Amino acid sequence: MTRRAGSTPTSDQSSLEVVPIGMLRPADSPRLAGESDERIKMLAETDAALPPILVNRTTMRVIDGMHRLRAAALRGDEQIEVRYFDGDPETAFVRAVEANATHGLPLTLADREAAAARIIASHPRWSDRAIASTTGLAPATVAAIRRRSTGFSTQSNTRIGRDGRVRPLNSAEGRRRAGAVLAARPDTSLRQVAEIAGISLGTANDVRDRLRRGEDPVPDGVRAKQGHAKPDAGAQPGQGRRRAAKSPYSDLPQLLQALRKDPALRLTESGRILLRLLEVQAISSGDWEDLISSTPAHCLPSVAQLARGCAETWSQLAIEFDKRAKGIA
């Protein structure tokens, strides 16, 4: 069986083992209403041998085969044949949905929609088509579920398709993000830029080349295709290039937003501390005007001195970050 993109390798084809029924735990089932008593009774009354069930080796929780397990217990059996699955609970749930979508008692529409919502939460980078293939829903239905899912706006800007390839949802935004990274840290390796921006190495290289030529990181064709505004038609030749070469710190909000979504920072304590510090420090020039005008006059000298001290500290920190980045690259 072909595994879905991003899934953990499993051992569905492991050798059969006979396990005491009492050792097994109930399934984390995609069936909202639980097992069907009618189907359990029908399976218990059959003379045919029941197929082995699928069990998570780590948790001993049933993944596929709860009807068969209940039927075996109803018949008075003390043991049952199992095949083991090796993977995390999230991937085990996906495997349960796949199994129930291909054999046995079909999942209801409500079951499949609830399963899709759960998979979107556990595997947010999977494409709508990949999740649709797993759940038996239409890609448009999965897209609608994703839009109304909690936290949709904070999900990754890339999707992993059924073929396992990572694709950006919006290549223009990915190029903008890459441009911001390169503007702030020109020596960042292309691999790091691609990972942060959610684009391919080839696209990251193209963005770098365009910036070196003083061009917008987003080509006109991509901008027009994805609804981004074109440069001012009345601008004089070269004006667009001059705008593209504006202050390397003008895209700090976009760069900070990209870092907020990076799991390597978001899911570690030190990373969260760094993000909080950056969020406090990354203010725009528009915010400066409000702060300056609202600060009492007698506080201005002290605030200016503190600002210079903070700037010196952050400047030194930037140097150390650059040194480490060059060492990694």
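The coordinates are above.
An account of the accompanying structure is given in this report.

## Section: helix α4 (residues 109–122)
Part 1: With 14 residues, α4 should cover 20 Å at 1.5 Å per step; its first-to-last C-alpha distance of 20 Å lies within 8% of that length.
Part 2: Looking at α4, one finds that the buried residues are Asp111, Ala115, Ala116, Ile119 and Ile120. The arc enclosing the buried residues of α4, seen along the axis, measures out at 170°, which places them on a common side.

## Some thoughts on the packing of α4 against helix α6 (residues 139–148)
Part 1: Their axes nearest at 10 Å, the elements α4 and α6 cross at an angle of 60°. One element, α4, and the other, α6, form an angle in the oblique class. Pair α4 / α6 crosses with right-handed handedness. Together, Glu113, Ala116, Ala117 and Ile120 of α4 and Thr141, Val142, Ile145 and Arg146 of α6 make up the contact between the two elements.
Part 2: Of the residues that constitute the contact of α4 with α6, the class distribution is five nonpolar, one polar and two charged.

## Some points on the pattern of salt bridges
Part 1: Applying the stated criterion to the full structure yields 11 salt bridges.
Part 2: Note that Asp86 and Arg57 form a salt bridge whose closest N and O atoms lie 2.8 Å from each other. Here Arg57 lies in the loop between β2 (53–56) and β3 (62–64) and Asp86 lies in the loop between β4 (79–85) and α3 (89–102), a separation of 29 residues in the sequence.
Part 3: The partly exposed category is assigned to Asp86, whose relative accessible area is 27%.
Part 4: A salt bridge links Glu215 to Arg210; the nearest nitrogen and oxygen atoms lie 3.6 Å apart.

## Some thoughts on the pairing of β4
Part 1: As defined by bridge partners, strand β1 (residues 17–20) adjoins β4 across four bridges and the pair is classed as antiparallel. Across the sheet, residue Val19 finds its bridge partner in β4, namely Ile80.
Part 2: As paired strands, β2 and β4 are joined by four bridges and run parallel to one another. Counted as the bridge partner of Leu54 is Arg83 from β4.

Reading the values: rules and limits
Residues numbered from 1 in each chain as written. Predicted model: local features only at pLDDT ≥ 70, side-chain atom pairs only at ≥ 80, totals over all residues. Heavy atoms only, no water. Helix = DSSP H or I, 4+ residues; strand = E, 2+ residues; numbered from the N terminus. Expected span 1.5 Å × (residues − 1). Buried < 20%, exposed > 50% of the residue type's maximum accessible area, 1.4 Å probe, protein only. Arc of directions from axis to C-beta. Axes fitted to C-alpha atoms, helices over the stretch in contact; angles between N-to-C directions. Parallel < 35°, antiparallel > 145°, perpendicular 65-115°, else oblique. Left-handed = near helix turned anticlockwise from the far one by under 90°. Contact = heavy atoms within 4.5 Å. Nonpolar A, V, L, I, M, F, W, Y, C, P; charged D, E, K, R; others polar. Salt bridge = Lys/Arg side-chain N within 4 Å of Asp/Glu carboxyl O. Pairing = 2+ DSSP bridges.

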